[in-house]
Structure formats: C-alpha cells, structure tokens
Amino acid sequence: MPDLWRPRLPSAWALLLLPFLRLLMPAAPAPHRGPYKPVIVVHGLFDSSYSFRHLLDYINETHPGTVVTVLDLFDGRESLRPLWEQVQGFREAVVPIMKKAPEGVHLICYSQGGLVCRALLSVTDEHNVDSFISLSSPQMGQYGDTDYLKWLFPTSMRSNLYRICYSPWGQEFSICNYWHDPHHDDLYLNASSFLALINGERDHPNATAWRKNFLRVGRLVLIGGPDDGVITPWQSSFFGFYDANETVLEMEEQPVYLRDSFGLKTLLTRGAIVRCPMAGISHTTWHSNRTLYDTCIEPWLS
C-alpha cells in the first residue's frame, strides 16, 4: 500500500523528450533592464491634458513606473495662440524634464502638437529625445475644410482661406501657421511664419543649426491613417502633400525630402523613420485606441 503514494520517476522515454518539449514552449519575454525613459505628451488644437487619460493608463499598464508628463499648457482656445509662442512655452516645460533624464526622453505629440514638438526639437540645442512620436499631425501642412475652420472662419472655404491665413493678421492664429495652399505656393513661402521655416523651405540664418538639432532625435515615428477625417490630406501625417493639381506626393517625392532641407532624407537613410498607418481611426480617437497604442506607440517606449 505505501508504494501507491511513492512518487514515480519519469520513464527513460520522457527523459529523452524533455529537451524537445522545452523547444516547443514559448520563450519568456526578456525582462526590461533599468527604468523606462520618461514620456512627455503634448496635446493638439482645443485639447487639454484630460484628453490623454486613456493613453496614460495604457503606458502605466504596459510600462509600470514610467514617469509620464502630460503638459497642461495652451489648453482649449489658448491652443490658437501663434505656434512660435507655444513652442517657447512648451520648451520651457520640457527642457527641465530632459535635464533630469540623462538617458533620454520620449515625446508623444498629437495633431497640432506634432508641429510644436518638431519646432521644439529644431530650436533646442543638445536635446536628448530618443523617440519623437508624431500622432496624426499635419507635418506638411493642412489644406481642408474642417469643423474647426468653419467655426473660426465661417465665411471662408479652403479655396479662399489663403487671403486670411497669408496675412499678418491671419498668422496670429495657430491654424494659419500651417495652412498650406498648394495653389498659392508663392504666397505660402513668403507669408508662412512657421511651417515654411521649420521645413527649411525659406532661407533663414538658423537653418543649419535647426537641422543639426533636429537630427539629434533617435527615432521619428509617424502615425496616421485614411479615416482620420481632419488632417487633409491625411498623408500629411507622413510628410506627403498635394501638388498644384491636388495629387498627393509621398514624402520621398517632396522637395523638402529631396533637398534634405531639415533632415528627413538623412533620418530615413539611417533607418530612423518608422511609418505606422492605421485605418479605421478617426482624428479624436488616436490617443484612446488601444490597438493603435499596442501597435504603433508601445514598441518605441524603451
């Protein structure tokens, strides 16, 4: 009777199969070594820090212990302030965080905030941004009627909005700082006080320094999609844009890329640009969509 309770030793066949059984078992993920880099989030037009509560939860769940700062500046209507003014304000908030993180930081910048962040990288010497994640941002500009534009300029349509945006008065609105009318390129180049400068489309004395600063970024992650509904053309999120016939030219066909005016071609050549297109996501849900986070954002938050 006591023999029934005696533990049985594995048979010889089982011992021979053990090494092969181990090969069939999924490997455990490698543990993360050291703390995660801090994450800084910059909101878009008419947003506030509250809009990113879901994103904050996702980061805390997948990368526990990460210090996440959702900057609460230029909220609501204040987001209409000129973009250079916003760049200065966000820069004053971001630089101290960078100084406390010698290993680097990550930037997640949504919509209009993606342009703020790109300019911030250009004007900030010795920044230490590892990943700049541009979340549905009109990086090559905006040329489309949206609810925002109709609310701001109810009597104007995209075909004649250049009359407002390319005036000194119009350039006092953030939206006009990246309004890009492909049918009036000469006016855009002469009047744009923001986008034409950070794109290196117009000569200015800081162009070389800005390009050098921008190229310090470790990785540029571009996110957008065809169902966005606001960014027009949606390919602007990937540095594509209309030509004079409103045919979309992709990033590699853009003059700013071909001339490498602010570093795009250099970044792509060194493998530092990641493009993550996602269908089925509307503009206001990019920062709350879990599939998008898992696919396009989480892998780059080292």
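What you see is a predicted model; the values in this text were computed from it and never measured.

Calculation rules
Counting restarts for each chain, with residues numbered from 1 along the sequence as it is written. Per-residue local features of the predicted model are confined to residues with pLDDT of at least 70, and side-chain atom pairs are confined, for both listing and counting, to 80 or more; whole-chain, interface and lining totals are unaffected and use all residues. Think of the side-chain values as coming from all heavy atoms in the structure, minus any hydrogens and water. Strands are runs of DSSP state E lasting at least two residues, helices are runs of H or I lasting at least four, and both sets are numbered from the N terminus onward. Only protein chains enter the area calculation, which uses a 1.4 Å probe; residues under 20% of their type maximum are buried, those over 50% are exposed, and those in between are partly exposed. In what follows, a contact means two residues having at least one pair of non-hydrogen atoms within 4.5 Å. Each accessible area is a Shrake-Rupley estimate made with a 1.4 Å probe; only the visible protein chains count as cover when residues are assessed. Each Phe, Tyr or Trp ring, with Trp reduced to its six-membered ring, pairs with another whose centre is within 6.5 Å; inter-plane angles below 30 degrees give stacked pairs, above 60 give edge-to-face pairs, and intermediate values give tilted ones. Geometrically, a lysine NZ or arginine CZ counts as sitting over a ring once it is within 6 Å of the ring centre and also within 35 degrees of the ring normal. Each polar contact in these results corresponds to two N or O atoms within 3.5 Å; when the atoms are within protein, one needs to be able to donate a hydrogen and the other to accept it, and residues that are neighboring in sequence are counted only if both atoms are side-chain atoms. Working definition: the arc comes from the directions between the helix axis and the C-beta atoms, pointing outward to the latter. Any cysteine sulfur atom paired with another within 2.5 Å is treated as part of a disulfide. Take the number of residues in a helix, subtract one, and multiply by 1.5 Å to get its expected span. Each residue carries a pLDDT score, the predictor's confidence in it, ranging from 0 to 100. Any two strands are treated as partners once DSSP identifies two or more bridges connecting them. Here the axes come from fitting lines to C-alpha atoms, over the contacting stretch only for helices, and the angles between their N-to-C directions go from 0 to 180 degrees. Throughout, the protein atoms alone are placed on a 1 Å grid, and a set of points is a cavity if a 1.4 Å probe fits but cannot get out or a pocket if it is open with protein on both sides within 12 Å along at least five of seven lines; lining residues have an atom within 4 Å of a point. Grid points are joined across faces, edges and corners, and a volume is the space filled by probe spheres set on the points. Each residue gets one of three labels, nonpolar for Ala, Val, Leu, Ile, Met, Phe, Trp, Tyr, Cys and Pro, charged for Asp, Glu, Lys and Arg, and polar for the others, Gly among them.

Quick look at the overall build of the protein
What the protein contains, in helices and strands, is 13 helices and 8 strands. The proportion of buried residues among the 302 residues of the protein is 50%. Once local pairs closer than 6 in sequence are excluded, the contacts in the protein between residues at least 24 apart make up 68%. For the protein, the accessible surface area stands at approximately 15,100 Å², while carbon and sulfur atoms represent 57% of it.

Notes on the packing of aromatic side chains
One pass over the full model with this rule turns up 13 aromatic pairs. Taking NZ or CZ as reference, R118 lies 4.6 Å from the ring centre of F262, over its face.

Digging into the side chain of D228
Topologically, D228 is positioned in the loop between β5 (219–224) and β6 (241–242). Here S136 takes part through its side chain, which lies 2.5 Å from a polar atom of the side chain of D228. A polar side-chain atom of D228 sits 2.8 Å from a polar atom in the side chain of H283. In this structure D228 touches S136, I281, S282, H283 and W286, once residues within four positions along its chain are discounted.

Focus: helix α2 (residues 53–62)
L55, Y58 and I59 are the residues of α2 that are buried. End-on view of α2: buried residues confined to an arc of 95°, all on one side of the axis. Against β1 (39–42), β2 (68–70), β3 (105–110) and α13 (290–297) lie the buried residues of α2.

Let's talk about the state of the cysteines
Applying the stated rule across the entire model yields 3 disulfides. Each sulfur of the disulfide joining C109 and C117 lies 2.0 Å from the other. Handedness here is read from the sign of the S-S torsion; for C109 and C117, about -85°, the answer is left-handed. With relative accessibility at 0%, the residue C109 sits in the buried group. In this structure C117 comes out as buried when scored by relative accessible area, which is 1%.

Looking at helix α4 (residues 112–123)
With 12 residues, α4 ought to run about 16 Å at 1.5 Å a step, and its terminal C-alpha atoms sit 17 Å apart, in line with that. For α4, the complete set of buried residues consists of Q112, G113, G114, L115, V116, C117, R118, A119, L120, L121 and S122.

As for unusual backbone geometry
With an omega dihedral of -10°, the bond running from T232 to P233 counts as a cis peptide bond. Tracing the sequence through the fold places P233 in the loop between β5 and β6. The backbone phi angle of E246 is positive, close to 60°, even though this residue is not glycine. Checked against the element boundaries, E246 lands in the loop between β6 and β7 (248–249). Phi at D260 takes a positive value of approximately 55°, unusual for a residue other than glycine. Within the secondary structure, D260 is located in the loop between α11 (255–258) and α12 (264–269). Given the relative accessible area of 12%, D260 is considered buried.

Notes on the confidence of the model for the protein
In this model, the protein carries an average pLDDT of 89, and 85% of its residues clear a pLDDT of 70 or more. Confidence drops under pLDDT 50 across residues 1–10; counting only partners more than four residues distant or on other chains, this segment forms 1 contact. In the predicted structure, residues 12–30 sits below a pLDDT of 50 and forms 1 contact with residues beyond four places in sequence or in another chain.

Overview of the sheet that holds strand β4 (residues 129–135)
In space, the 6 strands of this open sheet follow the order β2-β1-β3-β4-β5-β8, with parallel pairing throughout. Pairing within the sheet leaves two strands with one partner each, and these edge strands are β2 and β8 (273–277). Neighbour-to-neighbour, the strand axes of the sheet open up by a mean angle of 15°, direction not taken into account. Relative to β8, β5 runs parallel, the two being bridged by 5 bridges. Bridged to L220 within β8 is I273. Its contacts with the sheet put α13 on β3, β4, β5 and β8, and the angle it makes with β5 is roughly 150°.

Thoughts on the layout of surface pockets
Reported here for the largest pocket is a volume of approximately 270 Å³. What lines the largest pocket is a set of 15 residues, and nearest its centre among them are H180, D185, E201, Q254 and P255. Every element with two or more residues in the lining of the largest pocket is listed here: α8 (185–191), β6 and α11. Tallied by class, the residues present in the lining of the largest pocket amount to 9 nonpolar, 2 polar and 4 charged.

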